[in-house]
Amino acid sequence: AQSVTQLDSQVPVFEEAPVELRCNYSSSVSVYLFWYVQYPNQGLQLLLKYLSGSTLVKGINGFEAEFNKSQTSFHLRKPSVHISDTAEYFCAVSAEGPSGSARQLTFGSGTQLTVLP
Amino acid sequence: ETGVTQTPRHLVMGMTNKKSLKCEQHLGHNAMYWYKQSAKKPLELMFVYNFKEQTENNSVPSRFSPECPNSSHLFLHLHTLQPEDSALYLCASTLRTGTGKFSTDTQYFGPGTRLTVL
């Protein structure tokens, strides 16, 4: 079974500063990785996903993430944040089960990003 | 606006009440999901439907009863809930492609129903 760990539950950062939200996963098989964002009183929205190919993935709103297989990480970054980026961010993993059966997304517990003026 | 709507947005109910949550998607998707989001906990997958057929039930108590009458609508019927069932209930949908071995398809989420059980 796979699992996802988001190391920081809260990340405060000043406007226009860079930010990195950390995500580590555990799985014994190949994985697909996702970052979702949840704004207040809304559902989750896909930011970006890694399926294969280049390990650097670019998403919406200027976010990007890098897949590092050796470190089993998929950290999310943005070089300069805005007030409007304040939200909760969820890392998720999808992996094949040992019998080859379909698996659904497993989510981390989320990181609350608060951008301060 | 993701094309997935949920009603009601807020619901307060007593432990002896019966209520239903509704989810509707206008995206032509063929798979729908119910998730439970509790404070400070990861999203918990509850049920999965593929082409109206339930394909997963993640050990959800029987006081939660899903119904999928067609590929556009998904219900969650609630009865004799407990206070610990208070949470945000999220519906999602996706278009399953290929063999479905990997859940590569993007899931589109509704805004959720905030449920409070007194």
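To start, this report covers the structure provided alongside it. (Residues numbered from 1 in each chain as written. Chains lettered and ligands numbered in written order. Predicted model: local features only at pLDDT ≥ 70, side-chain atom pairs only at ≥ 80, totals over all residues. Heavy atoms only, no water.)

## Let's talk about the overall build of chain A
Counted only if it meets this: Where helices and strands are cited, they refer to DSSP runs of H or I of at least four residues and of E of at least two residues respectively, numbered from the N terminus. Note that the radius of gyration is over C-alpha atoms, with the globule rule given as 2.2 Å times the number of residues to the power 0.38. Buried, partly exposed and exposed residues are distinguished by accessible area as a fraction of the type maximum, computed with a 1.4 Å probe on protein chains only: under 20%, between the cut-offs, and over 50%, respectively. Note on contacts: a residue pair is in contact if any heavy atoms of the two residues lie within 4.5 Å. All accessible areas in this document rest on Shrake-Rupley with a 1.4 Å probe, and a residue is counted as covered only by the protein chains that are shown. Charge counting treats Lys and Arg as positive and Asp and Glu as negative, with His and both chain ends excluded. Where a charge lies is defined by one atom per residue type, namely NZ (Lys), CZ (Arg), CG (Asp) and CD (Glu).
Scanning chain A for helices and strands turns up zero helices and twelve strands. The order of helices and strands in chain A, counted from the N terminus, is β-β-β-β-β-β-β-β-β-β-β-β. Over its C-alpha atoms chain A spans a radius of gyration of 14 Å, differing by no more than 12% from the 13 Å that the globule rule assigns to 117 residues. Projected onto its principal axes, the C-alpha coordinates of chain A cover approximately 50 × 30 × 20 Å. Taking all 117 residues of chain A together, the buried fraction comes to 44%. The long-range share in chain A, meaning contacts at least 24 apart out of those at least 6 apart in sequence, stands at 58%. In the form shown here, chain A has an accessible surface area of approximately 5400 Å², with 51% of it arising from carbon and sulfur atoms. Between the averaged position of the 7 positive side-chain charges in chain A and that of its 9 negative side-chain charges there is a distance of 9 Å.

## A word on the nonpolar core
Cut-off, in case you're wondering: Joining through side-chain atoms within 4.5 Å is the link that ties buried Ala, Val, Leu, Ile, Met, Phe, Trp, Tyr and Cys residues into a set, and such a set is a nonpolar core.
Membership of the largest hydrophobic core comes to 29 residues, with the highest contact counts inside it found for L33, W35, L47, L48, F74, L76 and Y89 of chain A. Here the element with the most residues in this core is strand 10 (residues 87-95) of chain A; it accounts for five residues. If you look at the next biggest cluster of nonpolar residues, it comprises 22 residues, including M13, M32, C91 and V117 of chain B.

## Details of the interface of chain A and chain B
Just so we agree on the cut-off: Buried area is calculated as the accessible area (1.4 Å probe) missing from two parts once they are joined, with the contributions of both summed. Should a side-chain nitrogen of Lys or Arg be within 4 Å of a carboxyl oxygen of Asp or Glu, the pair is scored as a salt bridge. Polar contact is the term for a pair of N or O atoms within 3.5 Å; when the atoms are in protein, one must be able to donate a hydrogen and the other to accept it, and sequence-neighboring residues count only if both atoms are side-chain atoms. Polar here means any residue outside two lists: the nonpolar Ala, Val, Leu, Ile, Met, Phe, Trp, Tyr, Cys and Pro, and the charged Asp, Glu, Lys and Arg; Gly therefore counts as polar.
Each partner contributes to the interface: chain A provides 26 residues, whereas chain B provides 24 residues. Each partner contributes to the roughly 2000 Å² buried at the junction of chain A and chain B, and carbon and sulfur atoms together form 55% of this total. Its largest share of buried area at the contact with chain B, chain A owes to L44, Q104 and F107 of chain A, together 28% of the area lost on that side. The interface formed by chain A and chain B holds zero salt bridges in total. Connecting chain A to chain B are four residue pairs in polar contact (both at pLDDT 80 or more). The set of elements that each furnish at least two residues to the side of chain A that touches chain B consists of strand 5 (31-38), strand 6 (44-50) and strand 10 of chain A. Residues of the side of chain A that touches chain B, tallied by class, amount to eleven nonpolar, twelve polar and three charged.

## Section: the environment of D8 of chain A
With respect to the element layout, D8 of chain A can be found in the loop between strand 1 (3-5) and strand 2 (10-14). Leaving out residues up to four positions away in the same chain, D8 of chain A has contacts with R22, G110 and T111 of chain A.

## A closer look at the state of the cysteines
In plain terms, the rule: Note on terminology: disulfide denotes any pair of cysteine sulfur atoms within 2.5 Å.
This model, assessed by the stated rule, comprises two disulfides over all chains. Disulfide partner of C23 of chain A: C91 of chain A, at an S-S distance of 2.0 Å. An S-S torsion of about -65° defines the bridge between C23 of chain A and C91 of chain A as left-handed. Within this pair, whereas C23 of chain A is found in the loop between strand 3 (19-21) and strand 4 (24-26), its partner C91 of chain A is found in strand 10, the two being separated by 68 residues in sequence. A single burial state applies to C23 of chain A and to C91 of chain A, both of which are buried. Across a sulfur-sulfur distance of 1.9 Å, C23 of chain B and C91 of chain B are joined as a disulfide pair. Taking the torsion about the S-S bond as the criterion, the C23 of chain B to C91 of chain B disulfide, at about -70°, is left-handed. Linking C23 of chain B in strand 3 (residues 18-25) with C91 of chain B in strand 9 (residues 87-94), this pair joins segments that are 68 residues apart in sequence.

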